[in-house]
Amino acid sequence: MLNTSSPSGKSPIKFQFKTFEKLPVKIWDDSRAASLHVAKSIALAIRQKQQDGEQIVLGLATGSSPIKLYQELVNMHRNEGLSFQNVITFNLDEYYPMPKEAPQSYWHFMHEHLFDHVDIPSENIHIPDGTIPMEKVAEYCQWYEKQIDLAGGIDIQVLGIGRTGHIGFNEPGSWETSLTRMVRLDGLTRRDAIKDFIAEEDVPTRAITMGIGSIMKARTIYLLAWGQHKADIVKEAVEGPVSSQVPASFLQKHPNVRVILDWPAAERLTRTTAPWLCGMVNWTEDLACQAVVWTAQKTGKPILKLTNEDYNEHGLSELMLKENGAYELNIKIFNRLQHTITGWPGGKAGADDSTRPERANPARKRSIIFSPHPDDDVISMGGTFMRLVDQEHDVHVAYQTSGNIAVHDHDARRYVEFQREYMASQGMLSENLNKHYQKILDFLHNKAKGQADIPEVRAIKGLIRRGEARAAARYSGIKDDDNIHFLDMPFYETGHVHKGDLTDADIDLVANLLKAVKPHQVYAAGDLADPHGTHRVCLEAILAAFEKLKGETWMQDCWLWLYRGAWHEFPIHEIDMAVPMSPDQVARKQKAIFMHQSQKDRPPFPGEDDREFWQRAKDRNKATAELYRQLGFAEYEAMEAFARWKFDWQKPR
Ligand code: F6R
């Protein structure tokens, strides 16, 4: 079961990890708290230098990782009088070629997120120039490097890490002593950058970047990484060998570096996957379950065939002592996992529910499925959605955001032309209306790459997604349109990939729906791998709404079930309910996903995976069923999995 201590449900594990981690790591419950911590350290260093009448040199990164850090520094400037008068900055990199004023330039990014909001003298700002003529680039890079030296070298360097393991734009193959230079971007890095450039062919193929050698000269380094999509590369950089194939691993040779993570980014570190290998642990049943599943996977055996030797050979002799050997432990954990499997996600009326994931009563439950984007409901839990409806629960679905940025311009155009032609065919096309349509079509025709949509286009794109969501919800069995809710949460409506902050207006939309429906069950996306963070913010809104309403009696019986989005499944020991699907049900779910036509083939923001959403969902659900089969349970076609979020103010079952 997940608890309220962190979004991933894990509490910090308090012992020293020396064996596997070759870099000092600090894990925080969320990226906001982590960023505040780093901001405080930087502010302290700035103030100390101010006291001594000295300047401080900061090395800065762009990308999503340092955004909250910059927000915190801006807050400190505004609210605590932190001055940047004595700060000199050097940015790591810039795309090439890239005009400063382009919305995708790192020059633009830095001014938008930091420099425009603090009192740093403009002559103290250094960002590699993406407009230097090609033949002058080598000389320019030497000059940049020299400026760093002349400023006295970098005191504090902030880094993110790319999924290739790059720091700055030092892609795999970069050598340890490399200095500022022109580089080619890796294919994966360019794909990750599509979110800012719209199409892959628009992403520059080159960049100017400080080298590994330039970074290693910094006196203190903070490497920031958030989210599951960073977990694999973080493990390689932190636990793997030093290798130019993972440029961030060179940091293992630096004397003063700190890796700052949130839990999802730390998900693959040994301290998370197998903490018993790192030191003394407190053997809770959850941890024992994790250890059993881990041993079964390591040995390739089903749970009931694991022996004392298997456990002893895998560093689990202490667990054997505590549990009286493999036989009893195996049966205990086997039963626990067996009890997660149910075809009755809303509970089975009249059945003994003492070992079932959901309560038998009331027989007919009110359920709300929250879907961050308009297609997450069917992608992530389409099978369960249909079962809840088939089993006659009162199912509501709430689409939290409009999802409007993920609609192609050509689709919007098609719909506007359709409307205009339809109105004309009915003799209803007034001059004003025609002008209105023309304005939208002109905008779409002349739209620059990466330009934000005008409100009219956003409205049309949002409506396209609404129609698709409604069609999919109806296909999933919802008969009453009053049970389909569109929240259009305001934080999402920036017209850009980067969203606004969560506000009370967002939380109230969720809270009001909860109050109106008084559900027994709420399903929400607990998927933290969403590349734009929308899922994360949507979950925060739901948790905040629960917090707000926790005094109401009906909230005691309102259970929150989390599903994960299209990217990753929960590790099996975190699953509290696994809903099997037959081949027919898998096919039905697929059709529901197909209702989202604007997301078919290649959605504008596909994330890190080339497969279409229905393929990802299918593969993932099959993999979950396969994992259960390997552990010795019945063989199903596919399974959807859920973890229950436990609130400490809710009475135990
Ligand atoms: C940015 C930079 C890159 C990013 C890295 C991670 O100046 O040099 O190394 O830090 O690509 O990007 P995000 O933070 O967007 O995941």
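It should be emphasised that the depicted structure is a prediction, and the values quoted were computed from it without experimental measurement.

In this section: the site of the ligand. Close to the ligand lie 13 residues; Ser65, Asp93, His166, Gly168 and Lys230 are nearest. The side chain of threonine 62 places a nitrogen or oxygen atom 2.7 Å from an oxygen atom of the ligand. A distance of 2.5 Å separates an oxygen atom of the ligand from a polar side-chain atom of lysine 230. Relative to its free-state accessible area of 410 Å², the ligand is covered by the protein chains to the extent of 90%. Among the residues forming the shell around the ligand, the class breakdown is three nonpolar, eight polar and two charged.

This part is about the pattern of salt bridges. Tallying each qualifying case throughout the model produces 37 salt bridges. Residues arginine 336 and glutamate 285 are paired through a salt bridge, measuring 3.3 Å at the closest nitrogen-oxygen approach. Of this pair, arginine 336 sits in helix H13 (residues 326-338) while glutamate 285 is found in helix H10 (residues 285-299), placing the two residues 51 residues apart along the sequence. A salt bridge links aspartate 557 to lysine 651, with the shortest nitrogen-to-oxygen separation between them at 3.4 Å. Taken together, the residues span a long stretch of sequence, with aspartate 557 in the loop between helix H19 (534-549) and strand E15 (559-563) and lysine 651 in the segment after strand E17 (638-645) at a distance of 94 residues.

Let us look at the domain arrangement of the protein chain. On domain assignment, one finds that the protein chain holds domain 1 (25-271), domain 2 (281-338) and domain 3 (366-406 + 455-645). In this complex, domain 2 contributes 13 residues to the contact, which on the side of domain 3 involves eight residues. Counting each side, the surface lost to burial between domain 2 and domain 3 is near 890 Å², with a carbon and sulfur contribution of 69%. At the junction of domain 2 with domain 3, the criterion picks out zero salt bridges.

What follows deals with the sheet that holds strand E2 (residues 56-60). The strand order across the open sheet formed by seven strands is E1-E10-E9-E6-E2-E3-E5, and the pairing between neighbours is parallel. Here the strands that pair on one side only, and so sit at the sheet edges, are strand E1 (25-28) and strand E5 (125-126). In terms of strand pairing, E2 meets strand E3 (residues 87-91) through five bridges, oriented parallel. When the sheet's bridge partners are listed, leucine 58 is paired in E3 with threonine 89.

Let's shift gears to the packing of aromatic side chains. Per the stated rule, a full pass over the model turns up 17 aromatic pairs. Ring centres of tyrosine 399 and phenylalanine 486 lie 5.3 Å apart, and the angle between their planes is 25°; on these two criteria the pair is classed as stacked. With a gap of 87 residues between them, tyrosine 399 in strand E12 (residues 394-399) and phenylalanine 486 in strand E13 (residues 484-486) connect regions that are remote in the sequence. A connected cluster of aromatic rings, assembled from ring pairs, spans Phe90, Tyr140, Trp143 and Tyr144. It is arginine 181 that lies over the ring of tryptophan 175; its NZ or CZ is 5.1 Å from the centre.

What counts and what doesn't
Residues numbered from 1 in each chain as written. Predicted model: local features only at pLDDT ≥ 70, side-chain atom pairs only at ≥ 80, totals over all residues. Heavy atoms only, no water. Near = heavy atom within 4 Å. Polar contact = N/O pair within 3.5 Å; in protein donor to acceptor, adjacent residues only side chain to side chain. Areas by Shrake-Rupley, 256 points an atom, 1.4 Å probe, with all protein chains shown as cover. Nonpolar A, V, L, I, M, F, W, Y, C, P; charged D, E, K, R; others polar. Salt bridge = Lys/Arg side-chain N within 4 Å of Asp/Glu carboxyl O. Helix = DSSP H or I, 4+ residues; strand = E, 2+ residues; numbered from the N terminus. Domains from an automatic or database assignment. Contact = heavy atoms within 4.5 Å. Buried area = accessible area lost by both parts, 1.4 Å probe. Pairing = 2+ DSSP bridges. Phe/Tyr/Trp six-rings, centres within 6.5 Å; stacked < 30°, edge-to-face > 60°. Lys NZ or Arg CZ within 6 Å of the ring centre and 35° of its normal.

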